[in-house]
Amino acid sequence: MPSLDGPGIIGLDIGSRSIELVLLEGTQVVYQAKLPTTFDPLAQCRRLLEGLPPARIVATGYGRKLLLENLKHHRVTAITEIQAYASGAHHLYPGVRTVLDIGGQDTKAISLSEAGKVAKFEMNDRCAAGTGKFLEFMATALQVPLEDFGGFALTADRRIQINSMCTVFAESEATSLMARGERPANIALGLHLAIVQRTLAMLRRVGVVAPVLFAGGVAHNPCVQTMLEEHLGMPVIVPDQPDLVGALGAALHGGRSRRPTQTETAAAS
Amino acid sequence: MPTPYDKMWNELNLDLAAHEGLLQVLGKFYGDIYLTQEGRLKGMEYLDFVLSEVHGLRIKELQEAKAQGKKVIGTFCVFVPEELSLAADAIQVGLCAGAEIGKEAAEKVLPRNTCALIKSFVGFKIARLCPYIESCDLVVGETTCDGKKKAYEIFADYAPVYVMEIPQMKQACDRDLWKAEIMRFKAELERVTGNTITAARLKEAIKLVNARRAVLQRLNRLRAVAPAPISGRDALLINQISFYDDPVRFTQKIGELCDELEQKIKAGQGVAPAATPRLMLSGCPMAVPNWKLPFVVESSGAVIVGEESCIGARNTRDLVDESGDTLEAMLEAIALRYMRIDCACFTPNTERLEHIVDMARDLKADGVIHYGLSFCQPYAIEAFKVEKALTAAGIPMLSIETDYSMEDVEQLKTRVEAFVEMLHLG
Ligand code: SF4
Ligand code: SF4
């Protein structure tokens with residue numbers, strides 16, 4: 001077992017909506033912070049890092065390269081979100097075999113081996129259908145604050161099917177349902193179900209093995225969790241701070257592995 | 001910027017302004033993807049040169065040959081037997097169809113959900129961008145997938161198209177059909193060129209095409225060594241250029257490049273450290289200048305050690321039996337060789353699954369990336385079977401579906417990097 005002591009390690013998860021930071025000493029989280037991504041993610045990263053002791057940084061998320069290229073005086077390495085979420089989930093719940101991460105723009109389904117290694121993964125393609133962006137868009141369309149959207153959907157009294165997964169078409173479907181007098185909560189539930197259906201397809205492609213952990217920003221949404229549990233027929237673990245799993249995993253990865261990561265290898269070749 | 005070729009391009013009826021745009025994009029792309037590599041083989045200079053003259057010197061050669069009465073035959077599929085074209089004293093070029101630039105033009109006559117390769121060749125023609133298509137006396141299509149089959153009907157409004165019927169199964173009656181199609185193609189070539197295909201000429205052509213396949217086989221054997229002595233990008237480029245360069249010159253140059261590779265291997269020099277994850281590509285062909293996925297892969301800390309594709313091993317694996325002396329025996333040998341191609345358009349196509357697993361094992365590949373063009377049904381569906389076969393063999397596979405546009409590059413990078421991490425840390 002390599003020593004985990006010594007100077008801290010920072011994990012930074014630069015997502016499309018928010019940036020999370022975790023400072024790790026050993027395996028102990030000693031500090032954590034979060035900021036919205038905005039149009040200047042680099043400046044936001046610098047703000048997050050301000051005042052922190054110098055430490056190795058492991059970046060993940062879609063903005064990881066940005067950090068790699070721009071924070072040259074820091075010791076920055078990068079890993080993908082898939083690896084980061086896998087490491088974070090395995091650390092929090094060592095027996096976890098399936099990880100679902102729904103973030104702002106991406107959905108990822110990851111299957112882990114018993115040892116906690118990534119065995120297979122699926123990721124949505126270029127379209128944001130079925131991601132946090134979709135929910136955000138639809139919450140706005142129904143004029144419900146995003147934080148309350150899941151709870152609101154759970155007050156539905158009937159299940160309706162939304163057929164379209166495309167953000168634009170789903171909105172027009174929702175609008176025409178509203179015009180026909182459907183309760184907004186029922187429409188909201190229909191939209192949640194649409195996301196869950198799409199996510200299930202991805203999960204099934206990697207193979208669902210219990211226990212399942214659900215992370216990423218959308219894991220805050222109680223309706224998505226409930227619907228997932230119902231369709232999978234098993235409980236789904238949502239960690240306390242589901243959006244920190246990636247940053248945690250990145251930091252853990254930096255502490256554990258001294259084998260070169262892909263970006264270091266790439267730089268060497 | 002005027003070039004010495006403007007007059008020629010003009011005579012070929014190219015859209016000069018749009019064509020210049022294409023060459024600029026191509027040049028920039030090539031610079032970024034190819035010329036940034038370190039420790040490249042000296043032999044790659046020839047390929048750099050050929051590519052820089054792709055619409056220049058090589059087209060000039062074709063025009064000179066045409067002035068002497070030679071005919072140019074264009075193809076889109078490795079099923080069209082080049083031996084016959086050469087034996088009819090024609091030049092055969094594989095038309096590339098790997099760029100996005102004619103997409104808008106193509107979408108005027110084709111549905112949007114058509115694979116990028118088809119859109120590309122139709123678009124290049126309609127937008128008047130390809131001097132190869134414009135040089136062709138005959139463009140040979142084939143009934144492989146439905147998309148191509150129907151697109152040739154549309155293409156025929158713009159170019160002299162001839163279509164070969166490719167069977168979809170490999171039973172005795174399919175072989176008979178294919179043999180008949182070869183005879184029909186032979187007659188068509190004789191009509192177009194005015195030359196008769198004789199046994200002596202065919203024998204020579206078989207040897208010539210076999211020699212080119214053999215040198216590419218040699219390249220494939222050499223690159224399989226660890227550490228990889230040549231990048232996957234460079235090896236792909238060599239395969240791509242084999243489709244339109246002069247076969248004699250190409251074979252000689254690649255032979256020299258292989259000699260150099262042997263030196264590198266002796267000296268233990270690789271383009272990446274020995275521990276670098278080795279990946280094999282499998283699936284749809286990557287035509288010039290489609291270098292997107294190889295570039296993403298090799299920028300993610302992996303090296304590509306083989307391509308199970310028509311611009312790769314599927315095109316070079318089998319040679320034509322050279323033992324026949326009569327015309328009939330040689331035509332039979334050609335028919336047999338081509339029927340061994342394991343394109344996903346065939347059903348069933350279990351040979352391909354076996355080939356993929358064998359090849360991945362021989363190459364000691366750590367993983368396989370299956371590459372399908374969006375809207376390509378045959379390869380998309382077969383990808384599921386490929387994954388099953390590879391999983392059973394204990395070889396991880398990543399399935400990628402994409403097209404020629406650059407908009408999904410970031411997502412591709414994440415996927416490929418995660419796959420490489422998985423192999424590396426697993
Ligand atoms: S993949 Fe099939 S259709 Fe395409 S070039 Fe190869 S053999 Fe022809
Ligand atoms: S890539 Fe697929 S769809 Fe496109 S031409 Fe080839 S076989 Fe047809």
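### Remarks on the interface of chain A and chain B
Of the residues lining the interface, 26 residues belong to chain A; the matching set on chain B comes to 25 residues. Of the roughly 2200 Å² buried where chain A meets chain B, counting both sides, 54% is carbon and sulfur surface. The interface formed by chain A and chain B includes three salt bridges. With a shortest N-O distance of 3.0 Å, A:K120 and B:E387 are connected by a salt bridge. Linking chain A to chain B there are seven residue pairs in polar contact (both at pLDDT 80 or more). Those elements giving two or more residues to the side of chain A that touches chain B turn out to be α2 (64–70), α3 (81–92), β8 (118–123) and α10 (262–268) of chain A. Looking at which element gives the most residues to the side of chain A that touches chain B, the answer is β8(A), with five residues.

### Some points on the site of ligand 2
Residues and elements named next belong to chain B. Around ligand 2 lies a shell formed by C115, I118, C145, K148, C284, L373 and C376. Mapping ligand 2 onto the cavity grids shows that it belongs to the second largest pocket. Partitioned by chemical class, the residues of the shell around ligand 2 number six nonpolar, no polar and one charged. Summarising the domain contributions, the shell around ligand 2 has at least three residues from each of domain 1 (6–168) and domain 2 (204–319 + 343–425).

### Overview of the pattern of salt bridges
On inspection of all chains with the given rule, the structure shows 52 salt bridges over all chains. A:R97 is paired through a salt bridge with A:E114; the nearest N and O atoms lie 3.9 Å apart. Taken together, the residues A:R97 in the loop between α3 and β6 (98–102) and A:E114 in the loop between β7 (107–112) and β8 connect sequence positions 17 residues apart. Residue classification places A:R97 among the partly exposed positions, given a relative accessible area of 22%. Residue class for A:E114 comes out exposed when judged on its relative accessible area of 69%. Across the salt bridge formed by A:R183 and A:D157, the nearest N and O atoms sit 2.7 Å from each other. Taken together, the positions of A:R183 in the loop between α6 (167–179) and α7 (184–206) and A:D157 in the loop between α5 (149–153) and α6 put the pair 26 residues apart, joining distant regions of the chain. On the basis of relative accessibility, which here comes to 53%, the residue A:D157 falls in the exposed class. One continuous salt-bridge network, built from bridges that share partners, spans B:E308, B:R314, B:R317, B:D342, B:R352 and B:E382.

### A short note on the domain arrangement of chain A
Residue and element names in this part refer to chain A. Taken as a whole, chain A is organised into domain 1 (1–93 + 243–269) and domain 2 (96–238). Averaged C-alpha coordinates put domain 1 and domain 2 at centres separated by 26 Å. Across the boundary between the two partners, domain 1 contributes 12 residues, which contact 22 residues of domain 2. Sorting the residues of domain 1 by area buried against domain 2 places I82, Y85 and Y93 first, and these three jointly supply 38% of that buried surface. Summed over the shared surface of domain 1 and domain 2, the result is one salt bridge. Among the salt bridges present, the one from R17 reaches E136, with a minimum N-O distance of 2.9 Å. Linking domain 1 to domain 2 there are three residue pairs in polar contact (both at pLDDT 80 or more).

### Describing the sheet that holds strand β4 (residues 161–164) of chain B
All names here are of chain B. Reading across from one edge, β2-β1-β3-β4 is the order of the four strands in this open sheet, with parallel pairing throughout. Whereas interior strands pair on both sides, the edge strands pair on one side only; in this sheet they are β2 (91–94) and β4. This sheet shows a mean twist of 30° between the axes of neighbouring strands, independent of strand direction. Sheet topology note: the strand β1 (residues 72–75)/strand β3 (residues 138–142) ladder contains three bridges and is parallel. Bridging from a neighbouring strand, G74 pairs with V139 of β3.

### Regarding the site of ligand 1
All names here are of chain B. Neighbouring ligand 1 are C77, V78, F79, T144, K148, P285, C310, R314, C343 and Y379. In this structure, ligand 1 is accommodated by the second largest pocket. Here the shell around ligand 1 is composed, by residue class, of seven nonpolar, one polar and two charged. Two domains share the shell around ligand 1, each providing at least three of its residues, namely domain 1 (6–168) and domain 2 (204–319 + 343–425).

### Thoughts on the domain arrangement of chain B
Residues and elements named next belong to chain B. When the domains of chain B are assigned, the result is domain 1 (6–168) and domain 2 (204–319 + 343–425). Spacing between the C-alpha centres of domain 1 and domain 2 amounts to 22 Å. With 47 residues of domain 1 in contact, the opposing surface of domain 2 contributes 47 residues. Buried area between domain 1 and domain 2, summed over both chains or domains, comes out near 4100 Å², and the portion from carbon and sulfur atoms is 69%. Joining domain 1 to domain 2, the criterion identifies four salt bridges. The closest approach of N and O atoms between R212 and E82, which form a salt bridge, is 2.6 Å. At the junction of domain 1 and domain 2, the tally comes to 19 residue pairs in polar contact (both at pLDDT 80 or more). Breaking the side of domain 1 that touches domain 2 down by element, the ones donating at least two residues are α2 (16–35), α3 (44–52), α4 (57–67), α5 (82–87), β2 and α7 (116–126). Looking at the side of domain 1 that touches domain 2 element by element, the count peaks at six residues for α2.

### Focus: the packing of helix α17 (residues 350–362) of chain B against helix α18 (residues 377–392) of chain B
Residues and elements named next belong to chain B. Where α17 meets α18, the closest approach of the two axes is 10 Å, and the angle between their N-to-C directions is 50°. It follows from the interaxial angle that α17 and α18 lie oblique. Note that α17 runs across α18; the crossing there is right-handed. Judged by residue contacts, R352, L353, I356, V357 and A360 of α17 engage Y379, E382, K385, V386, A389 and L390 from α18.

### Structural notes on the layout of surface pockets
Residue and element names in this part refer to chain B. Roughly 1000 Å³ of volume is contained in the second largest pocket. As for the second largest pocket, its lining consists of 50 residues, and the residues nearest its centre are C145, K148, C345, C376 and P378. Taken together, the elements giving at least two residues each to the lining of the second largest pocket come down to α7, α9 (146–155) and α18. Classifying every residue of the lining of the second largest pocket gives 34 nonpolar, 11 polar and five charged. If you count residues domain by domain, the lining of the second largest pocket takes at least three from each of domain 1 (6–168) and domain 2 (204–319 + 343–425).

### Regarding the sheet that holds β7(A)
All names here are of chain A. Pairing within the open sheet is mixed, and its five strands lie in the order β8-β7-β6-β9-β10. Among the strands making up the open sheet, the edge pair consists of β8 and β10 (236–237). Bridge count for β6 against strand β9 (residues 212–215) is four bridges, and the pairing is parallel. Note on β9: the bridge partner recorded for L100 is F214. Contacts from α3 reach β6, β7, β8 and β9, with the element oriented near 55° to β7.

Reading guide: rules and limits
- Residues numbered from 1 in each chain as written.
- Chains lettered and ligands numbered in written order.
- Predicted model: local features only at pLDDT ≥ 70, side-chain atom pairs only at ≥ 80, totals over all residues.
- Heavy atoms only, no water.
- Contact = heavy atoms within 4.5 Å.
- Buried area = accessible area lost by both parts, 1.4 Å probe.
- Salt bridge = Lys/Arg side-chain N within 4 Å of Asp/Glu carboxyl O.
- Polar contact = N/O pair within 3.5 Å; in protein donor to acceptor, adjacent residues only side chain to side chain.
- Helix = DSSP H or I, 4+ residues; strand = E, 2+ residues; numbered from the N terminus.
- Near = heavy atom within 4 Å.
- 1 Å grid on protein atoms, 1.4 Å probe; cavity = no way out; pocket = protein on both sides within 12 Å on 5 of 7 lines; lining within 4 Å.
- Sits in = over half its atoms within 2 Å of the grid points.
- Nonpolar A, V, L, I, M, F, W, Y, C, P; charged D, E, K, R; others polar.
- Domains from an automatic or database assignment.
- Buried < 20%, exposed > 50% of the residue type's maximum accessible area, 1.4 Å probe, protein only.
- Pairing = 2+ DSSP bridges.
- Axes fitted to C-alpha atoms, helices over the stretch in contact; angles between N-to-C directions.
- Parallel < 35°, antiparallel > 145°, perpendicular 65-115°, else oblique.
- Left-handed = near helix turned anticlockwise from the far one by under 90°.
- Points joined across faces, edges and corners; volume = space filled by probe spheres on them.

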